[in-house]
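Survey of secondary and tertiary structure
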Amino acid sequence: MVYVRQCFDYDRENILNIMRGIMEQSGVLEDIKGLTVAVKPNLIARKKPESAATTHPSIVWAVCRLCREAGAERVIIAESPGGPYEAPLLKSWYRICGMEEAAKDSGAELNFDTSVTEVQNPDAKYLKKLNVITPLAKADRIINIAKLKTHGMMTYTGAVKNMFGAIAGLEKAAYHLQLSDYDDFADCIIDIFHAVKPCFNIIDAVVGMHRDGPTAGDPYPLNTILAGKDAFELDMAGAELIKADPMRIPIFRRAIARGLVSGDLKDRDPEDRFSGDALVPADKFIIKYNDSLKRLHFADGIWGRMLSRAVKPGPVFNKKKCRACGECVKCCPAGVIKLTEHKNGKCAVVNLDGCIRCYCCQELCMFKAVSIKRPLLNKIVVRKTK
């Protein structure tokens, strides 16, 4: 069951009333007395809440407060954002993203434990064991609070994708490099989700992000909060909200193939799927799909490289916006970005021949200096093959 509530702003009392109704109806608060609850938001970048790149602190505050009211012994806000997983950086993230205030006002704690714990995951496709950040690995219950956004690599990010933050800092880059095929990486995300096992999932879609998400896109008011125990069903509702085609989104494609969710919604009664308000699909939410052409492999040599560049999309750095901070260089899984001099100073440049199209550079850029450019030939061929 997916709980749907219309919500038109982030007023704390309004959010609290909505979340109280959802969490009481779902029964998630009934068995947390005396337990440690980890609340996992999306804090992908050091951006203020109004940017729509991160989970809004009002929802985190409300969930933490309700858990404390229900008798949870400890409530810990825990996340591993992009970049190094270090306590001083976490403090900066928490402050800018509004988590510091949310924790203080709700009675929750902020996590500064940067250790990891090995978790066994025997039913996984790829990740039979993995290192998960300790506050999530050791919690009695995990509540997952995602942000609905587009995503440069995975096209859509919601509840399932949010659990990639259970992997510590730069260790995420290793997964990108080892599983650079989009469907393989989607299976990796699903494996991580199953290893962490949140007991309840919430999607902040009051204001989502479209176009160039997950950090460089534009805020889009969707006026909705979605929640449920089944994250895959929840994400299908998120896809329906933005009129997305699930079969063009890697995580949905792999979840459907693995029997985790049904891709056929036409014969399913909405009353059996949704509780609460009507789901009102967005009319102008822009999704930039990743078509299979970007994963094509061309022959080695000069002609293969030329054809690859002529067809594959890739990251492009804006020299006027780039601050040469080096964050993209540090976080590039393939190690193909470097800072170079130009007439007005330094700018990041990517070697597209070695680029794996994970778009971590776009995702982690604080200055929106990275865009994804589709060559003209790609646009022509993709249009003809749809």
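These lines cover the structure that appears in this document, whether it is placed above or below.

Looking only at helices and strands, the protein chain features 15 helices and 15 strands. Its C-alpha radius of gyration of 20 Å places the protein chain within 12% of the 21 Å reference for a compact globule of 386 residues. Counting only C-alpha atoms and orienting by the principal axes, one finds that the protein chain spans roughly 65 × 50 × 40 Å. Looking at the protein chain as a whole, 57% of its 386 residues are labelled buried. Contacts in the protein chain between residues far apart in sequence, at least 24 positions, make up 74% of those at least 6 positions apart. In the form shown here, the protein chain has an accessible surface area of approximately 16,700 Å², with 50% of it arising from carbon and sulfur atoms. Within the protein chain, the 46 negative side-chain charges are centred at a point lying 10 Å from the centre of the 57 positive side-chain charges.

Mapping Phe185 onto the fold places it in helix α8 (residues 182-196). In this structure the C-alpha to C-alpha distance between Phe185 and Asp353, which are 168 residues apart in sequence, comes to 20 Å. Among residues more than four places away in sequence, those in contact with Phe185 are Met153, Met154, Phe164, Tyr175, His176 and Leu179.

Now for the environment of Cys355. Secondary-structure assignment places Cys355 in the loop between β14 (345-350) and α14 (360-364). When its relative accessible area of 15% is taken as the criterion, Cys355 is described as buried. Spatially, the C-alpha atom of Cys355 lies 9.9 Å from that of Ser180, the residues being 175 residues apart in sequence. Sequence-distant contacts of Cys355, that is, excluding residues within four places in its chain, are made with Pro315, Val336 and Val350.

With that out of the way, let us pick up the layout of surface pockets. Approximately 190 Å³ is the volume found for the second largest pocket. Around the second largest pocket, the lining is made up of 16 residues, and of these Gly152, Lys288, Tyr289, Asn290 and Ile372 lie nearest the centre. Taken together, the residues of the lining of the second largest pocket sort by class into 4 nonpolar, 7 polar and 5 charged.

Before going further, it helps to examine empty space enclosed by the protein. Summed over the entire model, instances satisfying the criterion amount to 4 cavities of 30 Å³ or more. There is about 290 Å³ of room inside the largest cavity. Forming the boundary of the largest cavity are 25 residues, of which Ile44, Gly82, Phe164, Lys172 and Glu363 lie nearest the centre. Among the elements of the structure, β7 (141-151), α6 (159-162), α7 (171-178) and α14 are those that each provide at least two residues to the lining of the largest cavity. In terms of residue class, the lining of the largest cavity is made up of 9 nonpolar, 10 polar and 6 charged. There is about 130 Å³ of room inside the second largest cavity. Around the second largest cavity, the lining comprises 17 residues; the ones closest to its centre are Cys325, Glu327, Cys328, Cys365 and Phe367. Those elements giving two or more residues to the lining of the second largest cavity turn out to be α13 (327-331) and α14. The leading source of residues in the lining of the second largest cavity is α14, at 3 residues.

Here the focus is the state of the cysteines. All chains considered together, the criterion is met by 0 disulfides. In this structure Cys325 is a free cysteine whose sulfur lies 6.1 Å from that of Cys328, the closest cysteine sulfur available. With no disulfide of its own, Cys347 has Cys322 as its nearest cysteine by sulfur position, at a separation of 4.0 Å. With a relative accessible area of 3%, Cys347 lands in the buried category.

In terms of nonpolar packing, the biggest core is built from 108 residues, with Met19, Met23, Val63, Cys67, Ile192, Ile202 and Ile225 touching the most fellow members. Per-element accounting of this core gives the leading share, 10 residues, to α8. In contact with Met23, other than residues within four places in its own chain, are Val28, Leu29, Val63, Leu66, Cys67, Ile143 and Phe200. The next biggest cluster of nonpolar side chains, apart from the first, holds 14 residues, and it includes Cys322, Cys361, Cys365 and Val370.

Each aromatic ring pair is characterised by the separation of its centres together with the angle its planes make. Inspection of every chain in the model, using the stated rule, returns 6 aromatic pairs. Seen in terms of ring centroids, Tyr156 and Phe252 are 5.3 Å apart; in terms of plane orientation they differ by 45 degrees. Their pairing is tilted. Of the two residues, Tyr156 sits in strand β8 (residues 155-157) while Phe252 sits in helix α10 (residues 250-257), which places them 96 residues apart along the sequence. Ring plane angle 85 degrees and centroid distance 5.3 Å describe the contact between Phe164 and Phe185, whose orientation is recorded as edge-to-face. Of the two residues, Phe164 is situated in the loop between α6 and α7 and Phe185 in helix α8; the sequence distance between them amounts to 21 residues. Accessibility classification places Phe164 together with Phe185 in one group, the buried group. Grouping aromatic residues by their ring pairs yields a cluster made of Phe164, Tyr175 and Phe185.

Attention now moves to the packing of helix α2 (residues 57-69) against helix α4 (residues 99-106). Relative orientation of the contacting elements α2 and α4 amounts to 25 degrees, with a least axis distance of 9 Å. Classed by the angle they form, the pair α2 and α4 counts as roughly parallel. When the axes of α2 and α4 are compared, the crossing they make is right-handed. Residues Pro57, Val60, Trp61, Cys64, Arg65 and Arg68 of α2 form the contact with α4, whose participating residues are Met99, Ala102, Asp105 and Ser106.

What counts as what
Numbering of residues starts from 1 in every chain and runs along the sequence as written. This being a predicted model, a pLDDT of at least 70 is required before a residue's local features are given, and a value of 80 or more before pairs of side-chain atoms are given or counted; all residues contribute to the totals for chains, interfaces and linings. Water and hydrogen atoms were dropped before computing side-chain values, which therefore reflect all heavy atoms in the structure. Only DSSP runs of H or I with at least four residues qualify as helices, and only runs of E with at least two residues qualify as strands; both kinds are numbered from the N terminus onward. With C-alpha atoms as the basis for the radius of gyration, the globule rule is written as 2.2 Å multiplied by the number of residues raised to the power 0.38. To sort residues, take the accessible area from a 1.4 Å probe on protein chains only and compare it with the maximum for the residue type: under 20% means buried, over 50% means exposed, and anything in between is partly exposed. In what follows, a contact means two residues having at least one pair of non-hydrogen atoms within 4.5 Å. Methods summary: accessible areas were calculated by the Shrake-Rupley approach with a probe of 1.4 Å, and residue burial reflects only the protein chains presented. The positive count covers Lys and Arg only, the negative count covers Asp and Glu only, and His and the chain ends enter neither. To locate a charge, the coordinates of NZ of Lys, CZ of Arg, CG of Asp or CD of Glu are taken. Detection works on a 1 Å grid of protein atoms alone, calling trapped sets that fit a 1.4 Å probe cavities and calling open sets with protein on both sides within 12 Å along at least five of seven lines pockets, with lining residues defined by an atom within 4 Å of a point. Grid points are joined across faces, edges and corners, and a volume is the space filled by probe spheres set on the points. Asp, Glu, Lys and Arg are counted as charged, while Ala, Val, Leu, Ile, Met, Phe, Trp, Tyr, Cys and Pro are counted as nonpolar; the rest, among them Gly, fall into the polar class. Note on terminology: disulfide denotes any pair of cysteine sulfur atoms within 2.5 Å. Residues grouped as a nonpolar core are buried Ala, Val, Leu, Ile, Met, Phe, Trp, Tyr and Cys residues, joined through side-chain atoms within 4.5 Å. Classification of ring pairs rests on two measures: the distance between centres of Phe, Tyr or Trp rings, Trp counted by its six-membered ring, which must be within 6.5 Å, and the angle between planes, read as stacked under 30 degrees, edge-to-face over 60 and tilted in between. Helix axes are fitted only over the stretch in contact, all axes being lines through C-alpha atoms; the angle between N-to-C directions runs from 0 to 180 degrees. For classification purposes, angles smaller than 35 degrees are called roughly parallel, those larger than 145 roughly antiparallel, those between 65 and 115 roughly perpendicular, and all remaining angles oblique. Definitions for this section: a left-handed crossing has its near helix turned counterclockwise from the far helix by less than a right angle. A right-handed crossing has that turn clockwise.

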